[in-house]
Each structure stands twice: as C-alpha cells, then as structure tokens.
Amino acid sequence: MAERPEDLNLPNTVITRIIKDAIPDGVNVSKEARLAISKAASVFVLYATSCSNNFAMRGKRKTISAQDVISAMEDMEFDHFIQPLQQCLDTYRRDQLDKKEATEKKKKAKEQESSVVIDLDTNGDSNDDNAEDVEPEADEDYNPEEEVEEEEDEEGEEMDSAKGDDAEVVEISDESADT
Amino acid sequence: MADKGDLGSTLPLSRVKTIMKSSPDVSSISQEALFMTGRATELFVQNLARVSLEQGGNKNSLEYKDLAEVVNSVELLQFLQDIIPKKIKAMEYLKMMQKMQDEDS
C-alpha cells in the first residue's frame, strides 16, 4: 500500500476536460482554479469513500456496494446526485448484462456463422439490385436533355474550331501569298 | 450536453480506486461502487465548476477566489474548507491576530 503522493491526484487532463464540458465555451479557467478543483475532487473521493464505508460497516459487510455509495451521497447531502447516479448504475448493469449476453451469443453465432453469413449476403444483394434499378431510371429522366445540350455545345465548338482552323488556314495562305 | 457528459470523459477508475484504498478501514470495494464513486466525482467536479462560475463576479473566467467563495458559503462544501481556503492579505491576517489577542486579554 505504499502509493506515491501523486497517485492520490486525479489526472489533470481529465479534470480539465470535465470542467470544460461543464461550463460554456470560451470561459477561461485559471491554473490555480483547476488545481483547486482537482484537489477538491480527490478529497471528494475520500469523503465519499469514508461515508460509503461507514454504511458498509454498519451493515456488517466488508465490501462497499453501489447502494452504500448512494446512501453516502444522501448522507453528504449531495441528494441531487442520487438520481443521475441511479441512472448510471442502471445503464452500467445493463451494459454488463449485454456484455455477458454478447459473449454467449458469440459462441452460438460461431456455430451458426455460415448460415447467418449467407442470409446477410442475399439481403445485401437484393438491396443493391433495388438501388441500381431505381437510379438508372432517374438518370434517364434527367440525362437526355443534358446530353442533347452537351451535344449541341460540342457541335458548336467543333464548328467554331473548324471555322478557326479555316481562318488560320486562310491567314497562313495570306501570309504565304505575301511572302 | 448532458448526454455527452454521461457517455464520455471518464476518470480512470484505477486511480479512483487507489484514492479510495488510501482511506483507512476500507477493506474492499465492489466494481459497481468504484464505478459509482467515479461518476459521482465527475458530477461533483461539473457542479463545483458551474456553481463557482455562476456565483463568481466574472462570467468569462473562473478564478481561485470564486471557488474559495463558494466553498466558504455553501454548507455542504464545508469539507473542502481546508483544501480551498479563502486567501487573505497578510495585513488582514495580522489584524485578525491582533483582535484575537485583544479579546483574550
């Protein structure tokens, strides 16, 4: 249990991020204020632990439970933390359950893997086919006019360039006539 | 904002555990209790920062004196008074000492 004193500080980067998330953008937090909040957070952990542990000891239990932490919040008069914490606990428990189920499903899934993969592939293909069917129709509605215009333009350009060529040829011929 | 806070920015639980274990008489901590303490600490930091900014004079900056003021005035933050004491000038301190001596004699 020989921890270094700096091990009892919470990492500054995380504390800074939590502070920044809590207050509006652009608010400057002085270095002194940040350090004070960080220290306060460590002390809060100790205070909460001591209170939670009291509840555990009163219940003649050696291990601090989640309920002890909630009771501690009530004891510390941080009542407004209880509801969000309860929600966090519920999601945490659900996540743990989901993880358990996920690992069990993975085992089962491995057995059924081949059939599942085939199902997914056929679905994917049919979806792709539908998408391809729709898109060309839409293109056909729009493209013909555009293409016509483009063709006209191109023809015009060709005509222009052809005229230009003619003119150049004429000029060259003029020059050649002069020389 | 609240959703974002719930999802991200988690304190390292290993460090939280070290701090918890440094408390005397603590024998063991359930994983759930550790998680809860970490979350509670996050809420506490958010709260302390917000309240101090609101109560402080300047809405564009959070200074030590804002924190000290809140810690001094809010009853449920009394446990922080030794950690975030109000700063006083040496002159004021000397006056205080003088007053105490006068009262004693």
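Just so it is clear, the model here is predicted, and its values are computed rather than measured.

**Focus on the overall build of chain B**
Here comes step 1: Helices and strands together make up the secondary structure of chain B, namely 5 helices and 2 strands.
Here comes step 2: Shown N-terminal to C-terminal, the secondary structure of chain B runs as helices and strands in the order α-α-β-α-β-α-α.
Here comes step 3: Counting over 105 residues, chain B shows a buried share of 38%.
Here comes step 4: For chain B, the proportion of contacts with a sequence separation of at least 24, taken over those separated by at least 6, is 27%.
Here comes step 5: For chain B, the exposed area adds up to about 6,300 Å²; of that, 52% sits on carbon and sulfur atoms.

**Thoughts on a negative patch on the surface**
Here comes step 1: Together, A:Glu74, A:Asp75, A:Glu77, A:Asp79 and B:Glu75 make up a negatively charged patch on the protein surface.
Here comes step 2: Here A:Glu77 is to be found in the loop between α3 (66-75) and α4 (82-178).
Here comes step 3: On the basis of relative accessible area, A:Glu77 is assigned to the exposed category, the value being 53%.

**Describing the interface of chain A and chain B**
Here comes step 1: Between chain A and chain B, the contact holds 58 residues from the first and 54 residues from the second.
Here comes step 2: Interface area for chain A against chain B, summed over the two sides, is near 4,900 Å², with a carbon-plus-sulfur share of 74%.
Here comes step 3: Counting every contact that joins chain A to chain B gives 2 salt bridges.
Here comes step 4: We note a salt bridge from A:Arg93 to B:Glu32, for which the minimum N-O separation is 2.8 Å.
Here comes step 5: For the pair chain A and chain B, the number of links is 14 residue pairs in polar contact (both at pLDDT 80 or more).
Here comes step 6: Contributing elements (two or more residues each) for the side of chain A that touches chain B: α1 (12-22), β1 (28-29), α2 (31-58), β2 (63-64), α3 and α4 of chain A.
Here comes step 7: It is α2(A) that provides the largest number of residues to the side of chain A that touches chain B, a total of 17 residues.
Here comes step 8: Along the lines of polarity and charge, the residues of the side of chain A that touches chain B split into 37 nonpolar, 11 polar and 10 charged.
Here comes step 9: Relative to strand β2 (residues 61-62) of chain B, β1(A) runs parallel, the two sharing 2 bridges. Of the residues in β2(B), the one forming a bridge with A:Asn28 is B:Ser61.

**Focus on the pattern of salt bridges**
Residue and element names in this part refer to chain B.
Here comes step 1: Counted by the stated rule, this structure contains 6 salt bridges over all chains.
Here comes step 2: For the salt bridge of arginine 39 with glutamate 42, the shortest nitrogen-to-oxygen distance reads 3.4 Å. Residue arginine 39 and its partner glutamate 42 are located together in helix α3 (residues 31-55), separated by 3 residues, close to a single helical turn.
Here comes step 3: The class of arginine 39 is buried, set by a relative accessible area of 10%.

**Side note on the confidence of the model for chain A**
All names here are of chain A.
Here comes step 1: Scored by pLDDT, chain A has a mean of 75; 61% of the residues are at 70 or more.
Here comes step 2: Predicted confidence is poor over residues 126-141, with pLDDT under 50, and the contacts of this stretch with residues over four places away or in other chains come to 1 contact.
Here comes step 3: Segment residues 143-173 is flagged for pLDDT under 50; beyond a separation of four residues in sequence, or across chains, it makes 1 contact in the model.

**A few points about the environment of A:Met57**
Residue and element names in this part refer to chain A.
Here comes step 1: Topologically, methionine 57 is positioned in helix α2.
Here comes step 2: Residue classification places methionine 57 among the partly exposed positions, given a relative accessible area of 42%.
Here comes step 3: Distance in space between the C-alpha atoms of methionine 57 and aspartate 68 is 9.8 Å, their sequence separation being 11 residues.

**Concerning α2(A)**
Here comes step 1: Under the 1.5 Å per step criterion, the end-to-end length of α2(A) is 41 Å for 28 residues, consistent within 8% with the ideal 40 Å.
Here comes step 2: Positive phi shows up at A:Lys60, right after α2(A), with a value of about 55°.

**Observations regarding the packing of aromatic side chains**
Here comes step 1: Scanning the model with the defined rule gives 10 aromatic pairs over all chains in all.
Here comes step 2: For the pair A:Phe44 and B:Phe44, a centre-to-centre distance of 4.3 Å together with 10° between the ring planes defines the contact as stacked. Here A:Phe44 is found in helix α2, whereas its partner B:Phe44 is found in helix α3 on a different chain.
Here comes step 3: Using a relative accessible area of 0% as the deciding quantity, one classes A:Phe44 as buried.
Here comes step 4: B:Phe44 gets classed as buried once you look at its relative accessible area, which sits at 1%.
Here comes step 5: On the numbers, 6.3 Å between centres and 80° between planes, the contact of A:Phe78 with B:Phe79 is edge-to-face.

**Some thoughts on the nonpolar core**
A general feature of soluble globular proteins is that nonpolar side chains tend to end up buried together.
Here comes step 1: Among the nonpolar cores identified, the biggest contains 59 residues, and A:Ile37, A:Phe44, A:Met73, A:Phe78 and B:Phe44 are the most heavily contacted of them.
Here comes step 2: Both domains that furnish three or more residues to this core are identified here as domain 1 (1-64) and domain 2 (78-121) of chain A.

**Focus on the confidence of the model for chain B**
Residues and elements named next belong to chain B.
Here comes step 1: For chain B, mean pLDDT is 87; residues scoring 70 or higher make up 91% of the total.
Here comes step 2: Taken together, the stretch residues 1-7 has pLDDT below 50 and engages in 5 contacts with residues farther than four places along the chain or on a different chain.
Here comes step 3: Scored as a whole, the predicted complex attains pTM 0.67, and scored at its interfaces, ipTM 0.82.

Rules and cut-offs
- Residues numbered from 1 in each chain as written.
- Chains lettered and ligands numbered in written order.
- Predicted model: local features only at pLDDT ≥ 70, side-chain atom pairs only at ≥ 80, totals over all residues.
- Heavy atoms only, no water.
- Helix = DSSP H or I, 4+ residues; strand = E, 2+ residues; numbered from the N terminus.
- Buried < 20%, exposed > 50% of the residue type's maximum accessible area, 1.4 Å probe, protein only.
- Contact = heavy atoms within 4.5 Å.
- Areas by Shrake-Rupley, 256 points an atom, 1.4 Å probe, with all protein chains shown as cover.
- Patch = residues over 30% accessible without salt bridge, like charges linked within 9 Å, V, L, I, M, F, W, Y side chains within 5 Å.
- Salt bridge = Lys/Arg side-chain N within 4 Å of Asp/Glu carboxyl O.
- Lys, Arg positive; Asp, Glu negative; His and termini not counted.
- Charge placed at Lys NZ, Arg CZ, Asp CG, Glu CD.
- Buried area = accessible area lost by both parts, 1.4 Å probe.
- Polar contact = N/O pair within 3.5 Å; in protein donor to acceptor, adjacent residues only side chain to side chain.
- Nonpolar A, V, L, I, M, F, W, Y, C, P; charged D, E, K, R; others polar.
- Pairing = 2+ DSSP bridges.
- pLDDT = per-residue confidence, 0-100.
- Expected span 1.5 Å × (residues − 1).
- Phe/Tyr/Trp six-rings, centres within 6.5 Å; stacked < 30°, edge-to-face > 60°.
- Core = buried A, V, L, I, M, F, W, Y, C linked by side-chain atoms within 4.5 Å.
- Domains from an automatic or database assignment.

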